[in-house]
Amino acid sequence: MVAILSVGATPVACEPAPGSYNITAAMAAPLITPRTRAVIAVHLYGHPADPTGLAALCAAHAVPLIEDAAQAHGATSQGHVLGSFGRIGCFSFYPTKNLEALRDGGAVVTSDDALAERLALLRNYGARDKYFTDLAGTNSRLDELQAAFLRAKLGSFATMCAQRRAIAARYLQELAGLPSLMLPGTPDGDAPVWHLFVVRNSRRDALRAYLADLGIATAVHYPVPIHRNTPFAAYAPTFETESDRISREVISLPFWPTLSDDRIDRICAAIRHSCLT
Ligand SMILES: Cc1ncc(COP(=O)(O)O)c(C=O)c1O
């Protein structure tokens, strides 16, 4: 929801655009100062966070754009895959992600050869050759078994993206027009990959309880906006932000690539009933 705009001494939180869960260039622009070191854009729930606009904004201010595409493998905007707009794109292969390993894993992508070389060093103790370190690095190599598993999964990845899009389309169709339910929108030119299907309702907890009574499990992503978490609390505004309201109102509906039409229809019927009574 909120993205951190500036790394370094003072993180600056940027609110999402109205009606969205992502930041945009318009929301970030007023926050950029000569002290801004980078803009970190999270493509939340698999939806593009205005990558064209943010890349242009960052270029105009000569600051790098870092894309957090942990939830957005394969999503595109204006025909370009997310992770390719910024100086660096970051992906997670954690077991809940769209492209998932059996344990932790991740990857960063960049078109900057020097940065790629530096990152490759950093993930391997900073060592170019065994026992000789050039940089103070860490051990962050992708485990080979996880890499083999991910490679096998790549074969079905496009199918799973298509399944996610079909499920999202069915939810959108079945839940359209409910006055108290805000559905996710997709700007023209964006092709999200629907990591989650998140709706917004001002009586969120009552709706969740009603669904739970029917055996329909839901979740909340995320109950605490990032700027209310301890490490960033000192930089958080004292007034209520849109992200605070979003955190109180969002519900993640059941969502996985093989979710059947029957189950979607049952879930949607329950939501309609709850929202209309
Ligand atoms: C948007 C986003 N960014 C970053 C991360 C962190 O990914 P990892 O746990 O692979 O480091 C996650 C994982 O939950 C995420 O959803």
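Since this is a predicted model, take the numbers as computed values, not measurements.

### Things to note about the pairing of strand 3 (residues 39–42)
Here strand 3 shows no split at all, with Val-39 and Ala-41 on one side and Ile-40 and Val-42 on the other all buried. Bridge analysis of strand 3 against strand 4 (residues 65–68) gives 4 bridges, and the strand direction is parallel. Note on strand 4: the bridge partner recorded for Val-42 is Asp-68. Since strand 3 and strand 4 lie parallel, the crossover through helix 2 (residues 51–61) that links them has a hand, and here it is right-handed.

### Some points on the domain arrangement of the chain
Per the domain assignment, the segments of the chain are domain 1 (3–148) and domain 2 (157–276). Inter-centroid distance (C-alpha atoms) of domain 1 to domain 2 is 24 Å.

### A closer look at helix 2
Turning to helix 2, its buried residues number three or more, namely Pro-51, Leu-54, Ala-55 and Cys-58. Take helix 2 and look down its axis: the buried residues cluster within an arc of 100°, on one side only. Those residues of helix 2 hidden inside the fold are in contact with helix 1 (25–28), strand 3, strand 4 and strand 5 (76–77). Positioned one or two residues after helix 2, Ala-62 has a phi angle of 55°, which is positive.

### Here we look at unusual backbone geometry
Cis geometry marks the peptide bond from His-221 to Tyr-222, where omega comes out at 15°. As for its placement among the helices and strands, Tyr-222 is situated in the loop between helix 5 (204–213) and helix 6 (230–233). One non-glycine residue, Tyr-45, lies in the positive phi region at around 60°. If you trace the backbone, Tyr-45 turns up in the loop between strand 3 and helix 2. C-beta crowding within 10 Å serves as the criterion here: with 23 such atoms nearby, Tyr-45 is assigned to the buried category. Despite not being glycine, Asp-50 shows a phi value in the positive range, around 40°. Note on placement: Asp-50 falls in the loop between strand 3 and helix 2.

### A closer look at the environment of Asp-129
Position of Asp-129 among the secondary structure elements: in strand 9 (residues 127–129). Residue classification places Asp-129 among the exposed positions, given that 7 C-beta atoms sit within 10 Å. Once the C-alpha coordinates of Asp-129 and His-73 are considered, the two residues, 56 residues apart in sequence, prove to be 32 Å apart.

### Quick notes on the sheet that holds strand 8 (residues 106–109)
In a beta sheet, neighbouring strands are held together by backbone hydrogen bonds and run either parallel or antiparallel to one another. Here 4 strands make up an open sheet; going across it, the order is 3-4-7-8 and the pairing mixed. Taken across any chain shown, the strands that pair with only one partner, and hence form the sheet edges, are strand 3 and strand 8. Neighbouring strand axes in the sheet, compared pairwise and without regard to direction, differ in orientation by 20° on average. As judged from the 4 bridges shared by strand 7 (residues 88–92) and strand 8, these two strands associate in the antiparallel manner. Counterpart to Ser-92 in the pairing with strand 8 is Gly-106.

### Some remarks on the nonpolar core
Core analysis: the biggest nonpolar cluster contains 49 residues, and Val-39, Ala-41, Leu-54, Leu-65, Phe-197 and Val-198 have the highest contact counts within it. Built from parts of two domains, this core gets at least three residues from each of domain 1 (3–148) and domain 2 (157–276). Residues contacting Leu-65, with those up to four places away along its chain left out, are Val-39, Ala-41, Leu-54, Ala-55, Cys-58, Phe-85, Gly-86 and Arg-87.

### Topic: the packing of helix 4 (residues 144–174) against helix 8 (residues 261–276)
How two helices pack is summed up by the angle between their axes together with the distance between the axes. Relative to each other, helix 4 and helix 8 sit at 30°, their axes nearing to 10 Å. Relative to helix 8, the element helix 4 is oriented roughly parallel. For the pair helix 4 and helix 8, the crossing hand works out as right-handed. In contact with Ile-167, Arg-170, Tyr-171 and Glu-174 of helix 4, helix 8 contributes Asp-261, Ile-264, Asp-265 and Cys-268.

Parameters at a glance
- Residues numbered from 1 in each chain as written.
- Predicted model: local features only at pLDDT ≥ 70, side-chain atom pairs only at ≥ 80, totals over all residues.
- Buried ≥ 20, exposed ≤ 12 C-beta atoms within 10 Å, placed from the backbone.
- Helix = DSSP H or I, 4+ residues; strand = E, 2+ residues; numbered from the N terminus.
- Pairing = 2+ DSSP bridges.
- Right-handed = clockwise from strand over helix to strand, strands pointing away.
- Domains from an automatic or database assignment.
- Arc of directions from axis to C-beta.
- Contact = placed C-beta atoms within 7 Å.
- Axes fitted to C-alpha atoms, helices over the stretch in contact; angles between N-to-C directions.
- Core = buried A, V, L, I, M, F, W, Y, C linked by C-beta atoms within 7 Å.
- Parallel < 35°, antiparallel > 145°, perpendicular 65-115°, else oblique.
- Left-handed = near helix turned anticlockwise from the far one by under 90°.

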